[in-house]
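Survey of secondary and tertiary structure
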Amino acid sequence: METVLRKELDTSLLKASGHSGGGCVNEGQSYDTDRGRVYVKINHKPEARRMFLGEMDSLEAILQTETILAPKPMKVIDYPGGGAMLVMQHLDMKSLNRQSAKLGEHLADLHLHNQRLKEKLTKESSTVGKGTGQSEIQYVDKFGFHSVTCCGFIPQVNDWQEDWVTFFSLQRLQCQIDLLEQSSGDREARELWSQLQLKIPDLFTGIDIVPALLHGDLWGGNVAELDTGPVVFDPASFYGHSDYELAIAGMFGGFGGSFYSAYHAKIPKAAGFEKRLKLYQLFHNLNHWNHFGSGYRGSSLSIMRSLLK
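Residues numbered from 1 in each chain as written. Predicted model: local features only at pLDDT ≥ 70, side-chain atom pairs only at ≥ 80, totals over all residues. Heavy atoms only, no water.

To keep things clear, this is the line we draw: UniProt positions are given in the numbering used here, feature names are shortened, and annotations may be inferred rather than shown by experiment.
You'll find the protein chain entered in an unreviewed UniProt entry as protein-ribulosamine 3-kinase, with Hymenochirus boettgeri given as the organism. The Sequence similarities (unreviewed entry) comment attached to the protein chain in UniProt states, word for word, "Belongs to the fructosamine kinase family."

Dropping the structure here:
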């Protein structure tokens, strides 16, 4: 592996720095190189290259907005013997503590970035001597993403859709239900889903959703802080409804009150927020059921029942 890294990174120095880490899906290690310290994520699964390419595209999209800190990705490299490695900038990250409110502010700025682009383009088009296309980053008017991204190791269908309800129902929830059907054929899940999918449009009555660039997997394990501000990593990005981001943020311990206060000061809750949040948490419970087994069956079915009341 180190021979491959030396060649691909064009470095004579490659020394493990002692900074290692990992999660449910990947393992990682920091290395000192001729060009400074880098962090290398490793995954041995056959689909690792696709997963890392999606993460690289996600990080690049987030960084392009200049709204929130994230490690700069460098290269995806095939791992000797199978799998892949993602090389990125090493950051001296600490657990989120003092920067919680700033994380809320910066996340809201990320979510508002595309909307602000739209407003800027509208203003430019009404100004004599200027037309559309003046902004460096193009406004995105659909829901989806330009590449496949993975939430965990399961690939997400990011085909562009004009309607958010269609995108979320078919390309998030239906895909998870289909995977459950293949693995377990759970009858109760299938029956509840057949009722729930008819009611989903009612949860979005009267709200206007502008596509927002999302981190896509923003739970407590994917955020940290530097002395200069909060940092996010391990994204599974796409353009979607900003409220979607807060679903997994509220699971597994969640974030503190200062995070939510700062976020909602910029993006206030719309009517029906709590019920939509449950719907979005359903995706993550189904996704965890498909990743880790039936321990998430009860919570998935419970959410579906509560949404049908």
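Regarding the packing of aromatic side chains
Which entries qualify depends on this criterion: Side-chain rings of Phe, Tyr and Trp (the six-membered ring for Trp) are treated as a pair once their centres are within 6.5 Å; stacked means planes under 30 degrees apart, edge-to-face means over 60, and tilted covers the remaining angles. The numbering of helices and of strands both runs from the N terminus, where a helix is a DSSP run of H or I of at least 4 residues and a strand a run of E of at least 2. Burial here depends on accessible area, computed with a 1.4 Å probe over protein chains only, as a share of the maximum for the residue type. Under 20% is buried, over 50% is exposed, and the range in between is partly exposed. By definition here, charges over rings are those cases where NZ of Lys or CZ of Arg is within 6 Å of the ring centre and within 35 degrees of the ring normal.
As enumerated under the stated definition, the model contains 18 aromatic pairs in all. Summarising the aromatic geometry, the rings of Phe143 and Trp164 are spaced 5.6 Å apart at their centres and angled 55 degrees between planes, so their arrangement reads as tilted. Taken together, the residues span a long stretch of sequence, with Phe143 in the loop between α3 (100-125) and β6 (149-151) and Trp164 in helix α4 (residues 164-183) at a distance of 21 residues. When its relative accessible area of 3% is taken as the criterion, Phe143 is described as buried. Three or more aromatic residues joined by ring pairs make a cluster, and in this case those are Phe143, Trp164, Phe167, Phe168, Phe204, Phe238, Tyr244, Tyr280 and Phe283. Here Lys45 stacks its cationic end above the ring of Phe153, 4.7 Å away from the centre of that ring.

Side note on unusual backbone geometry
The phi angle at Asp234 is positive, at roughly 50 degrees, despite the residue not being glycine. Mapped onto the elements, Asp234 comes out in the loop between β10 (229-232) and β11 (238-240).

What about a positive patch on the surface?
Cut-off, in case you're wondering: Nonpolar side chains (Val, Leu, Ile, Met, Phe, Trp, Tyr) are joined into patches within 5 Å and like charges within 9 Å, using only residues with over 30% relative accessible area and no salt bridge. We get accessible surface area from the Shrake-Rupley algorithm with a probe of 1.4 Å; when it comes to residues, only the shown protein chains can shield them. Whenever a carboxyl oxygen of Asp or Glu lies within 4 Å of a side-chain nitrogen of Lys or Arg, that contact is scored as a salt bridge. Positive residues here are Lys and Arg, negative ones are Asp and Glu, while His and the chain termini are left out of the count. Charge placement uses NZ in Lys and CZ in Arg. For Asp and Glu, CG and CD serve respectively.
Together, Lys199, Lys275, Lys278 and Lys309 make up a positively charged patch on the protein surface. Judged by relative accessible area, Lys199 falls into the partly exposed class, the value being 39%.

Considering the pairing of β10
Across a regular strand the side chains alternate sides, sitting on one face of the sheet and then on the other. The condition that has to hold: Whether two strands pair depends on DSSP finding at least two bridges between them.
Taken together, the 4 bridges between strand β9 (residues 223-226) and β10 define a ladder with antiparallel strand orientation. Within β10, the residue paired with Leu226 across the bridge is Gly229. Linking β9 to β10, which pair antiparallel, is a turn of 2 residues.

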